[in-house]
Amino acid sequence: MIRPPLDPRDRPFVDRPTWRSVVASYALVAAIPFLLWLVSSPVAGTVTLAAIAGLFVGGRRAHRLVRCFYDCQQFTVDLLGRARITVAQTPANEAN
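Now for a description of the structure that goes with this document. (Residues numbered from 1 in each chain as written. Predicted model: local features only at pLDDT ≥ 70, side-chain atom pairs only at ≥ 80, totals over all residues. Heavy atoms only, no water.)

Moving on, we get to the pairing of strand E1 (residues 74–79). Across 6 bridges, the pairing between E1 and strand E2 (residues 83–88) is antiparallel. Bridge pairing in E2 places Gln-74 opposite Ala-88. What sits between E1 and E2 in their antiparallel hairpin is a turn of 3 residues, with Leu-80 showing a positive phi close to 55°. (Pairing = 2+ DSSP bridges. Helix = DSSP H or I, 4+ residues; strand = E, 2+ residues; numbered from the N terminus.)

Printed below as a string of structure tokens:
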């Protein structure tokens, strides 16, 4: 059975770009110079990647700590089992 030719106006769904695919394309284009630099100087690249990962993990933990502080109005830090520091926020209408 012979199929009729496809109409050029009927584009498949794959050709329609989404915002996610556009952002992913720009991120890939921006990553190419960084990857070339990483290959040319692996020690500096490894240190940079470790610093970026540390900032990412530290930022997530700081965000979690701030969110916990606003929910509970306090947080406690245990220093090697020897000391415990509690930071609490007292309401402004209470006298000390």
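Once that is clear, we can look at the packing of aromatic side chains. Under the defined criterion, the tally for this structure stands at 1 aromatic pair. A centroid spacing of 5.8 Å and a plane angle of 40° characterise the contact between Phe-34 and Trp-37, whose relative ring orientation is tilted. Within this pair, Phe-34 and its partner Trp-37 are both found in helix H1 (residues 19–40), separated by 3 residues, close to a single helical turn. Taking relative accessible area as the criterion, Trp-37 reaches 35% and is therefore assigned partly exposed. (Phe/Tyr/Trp six-rings, centres within 6.5 Å; stacked < 30°, edge-to-face > 60°. Buried < 20%, exposed > 50% of the residue type's maximum accessible area, 1.4 Å probe, protein only.)

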